[in-house]
Amino acid sequence: MVLSAAERAAVRALWTKLGSNVGVYATEALERTFLAFPTTKTYFPHFDLTPGSAQVKAHGQKVADALTRAVAHLDDLPTALWALSDLHVRQLRVDPVNFKLLGHCLLVTLARHYPGDFSPAMHASLEKFLSHVILALAISYG
Amino acid sequence: MDAGQVEKAQSLELLTGTDSLCPSVLFSPLRLLVVYPWTQRFFQSFGDLSSADAIMGNSKVKAHGKKVLNSFSDGLKNIDDLKGAFAKLSELHCDKLHVDPENFRLLGNVLVCVLAHHFGHEFNPQVQAAFQKVVAGVASALAHRYH
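These numbers come from a predicted model, not from an experiment.

Q: Could you clarify how one ought to interpret unusual backbone geometry in this entry?
A: When glycine is set aside, most residues are seen to have a negative phi, and most peptide bonds are trans. The phi dihedral of Arg93(A) falls on the positive side, at around 50 degrees, and the residue is not glycine. Non-glycine residue His98(B) carries a positive phi angle of around 55 degrees. Accessibility expressed as a relative area gives 54% for His98(B), which makes it exposed.

Right under this line is the structure:
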C-alpha cells in the first residue's frame, strides 16, 4: 500500500495546517491512548500520567517532532526513523501493537479537531501514512 | 475489558435512535471500505467501488451500512449480554460470509473515528474510552461463535 502522490500531498497539506499545534494534538492522542488502552501505561511507570501532566506534554512534543520528520521524509521512512526504531525496539522493547493504538488515537484526535478536513479520502491517506510510520518503527525487530 | 453501566449510558446517549444521526455517522461502515480497501472483497456484487466518492455514494453499500449500524445500536440495548445479542450474526459472519474477525475490530475503530468527527468536543477522552470498550465487546461477541 504505497502512498500515492495525491495521498502524500494531502498528508503534507494537513500537516502544514496543523502548524505549531502538532505537539498539542500528539499530547491529546497520548492521553486518549492511556485512558482507552490502559495497558499502554506499562511503558511509563516513571511518568505522572494524569491529564495535563508536564511529562506527557513533553513526550507528546517528542512524538509530534517524530511525525513531522516522517511527513518530511515520506520517500524513505525506514531511514528517517531508524534511530527511533532502534530505541523503541532494542532499548524500550515496545510491543509494536501499541504503535497502532497510538496511531488510532491520533486519527481520533485529528477527526475531532479538523472535521472539515477529515473526509473518507483524508482518513484513508492518514491511516496509510501512519501504517507506514508504524512499519518503519517496527523494522528493527527484523 | 467488559463494557459496564457507565459505558452503556454514554454510548447509548450518543447513539440513541440512528434516525437522529447525520449521514456521516449512519454510513460510517462505508468508510471501512475506503480506509481498509481489502474489505471491499465482501461487497463485490454491490457495484461501483472504484473510488472513495463511488463507495460513499453507492446506494447498496449505504443500505448495508445503515443495516450494520442499526444492528450495532440494537445490540447495545443488550450490553450486559453482547455475546447473546450477536450470537446469530456471529454464526452468519463465520459460516456464510466467511469474514475475518479482525475486520470487526477495524469497523469498531472506524466508528470511533466517525463519532469523534461528528461529535467533536463532546467526544472527549473519557467518552472515547467508554466507546472503545463497547466496540471491543461487540467485536468479541461477533467473533464468539467462530470455529
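Q: I keep staring at the interface of chain A and chain B and nothing clicks. Help me out?
A: One frequent convention defines the size of an interface as the accessible area lost when the parts assemble. The interface of chain A with chain B comprises 20 residues on the first partner and 23 residues on the second. Between chain A and chain B lies a buried interface of about 1,900 Å² when both sides are counted; carbon and sulfur atoms form 67% of it. At the boundary of chain A with chain B, the tally comes to 10 residue pairs in polar contact (both at pLDDT 80 or more). For the side of chain A that touches chain B, the secondary structure elements donating two or more residues are helix 2 (22-36), helix 6 (97-113) and helix 7 (120-137) of chain A. Looking at the side of chain A that touches chain B element by element, the count peaks at 6 residues for helix 6 of chain A. Among the residues making up the side of chain A that touches chain B, the classes are represented as 14 nonpolar, 3 polar and 3 charged.

Q: Please clarify how the nonpolar core should be interpreted in this entry.
A: General note: in soluble globular proteins, nonpolar side chains tend to be found buried as a group. Judged by nonpolar contacts, the single largest core of 67 residues is most densely connected at Leu67(A), Leu126(A), Phe129(A), Val133(A), Phe72(B), Phe123(B) and Phe131(B). Looking at this core, the elements with two or more residues in it are helix 1 (5-18), helix 2, helix 3 (54-72), helix 6 and helix 7 of chain A together with helix 5 (59-76), helix 8 (102-119) and helix 9 (125-143) of chain B. With 9 residues, helix 9 of chain B is the largest single contributor of residues to this core.

Q: Help me understand the UniProt feature "domain: Globin" (unreviewed entry) in chain A in this model?
A: Taken from the UniProt record, the annotation "domain: Globin" (unreviewed entry) applies to residues 2-142 of chain A. What you have in residues 2-142 of chain A is 69% helix and 0% strand, and the ends, taken at the C-alpha atoms, are 20 Å apart.

Q: How should the pattern of salt bridges be read in this particular structure?
A: A pair can form between side chains of opposite charge whenever their charged atoms are brought close. By the definition in use, this model includes 8 salt bridges over all chains. Its salt-bridge partner being Arg32(A), residue Glu28(A) comes within 3.0 Å of it at the nearest N-O pair. Placement of the pair is Glu28(A) and Arg32(A) together in helix 2, with a separation of 4 residues, close to one helical turn. By relative accessible area, Glu28(A) is classed as buried at 14%. Between Arg145(B) and Glu91(B) there is a salt bridge, with its nearest N and O atoms 2.4 Å apart. Taken as a pair, Arg145(B) in the segment after helix 9 and Glu91(B) in helix 7 (residues 87-96) lie far apart in primary sequence, 54 residues in all. Taking the relative accessible area as the measure of exposure, Arg145(B) reaches 38% and is therefore partly exposed.

Rules used throughout
- Residues numbered from 1 in each chain as written.
- Chains lettered and ligands numbered in written order.
- Predicted model: local features only at pLDDT ≥ 70, side-chain atom pairs only at ≥ 80, totals over all residues.
- Heavy atoms only, no water.
- Buried < 20%, exposed > 50% of the residue type's maximum accessible area, 1.4 Å probe, protein only.
- Contact = heavy atoms within 4.5 Å.
- Buried area = accessible area lost by both parts, 1.4 Å probe.
- Polar contact = N/O pair within 3.5 Å; in protein donor to acceptor, adjacent residues only side chain to side chain.
- Helix = DSSP H or I, 4+ residues; strand = E, 2+ residues; numbered from the N terminus.
- Nonpolar A, V, L, I, M, F, W, Y, C, P; charged D, E, K, R; others polar.
- Core = buried A, V, L, I, M, F, W, Y, C linked by side-chain atoms within 4.5 Å.
- UniProt positions renumbered as here; feature names shortened; annotations may be inferred.
- Salt bridge = Lys/Arg side-chain N within 4 Å of Asp/Glu carboxyl O.

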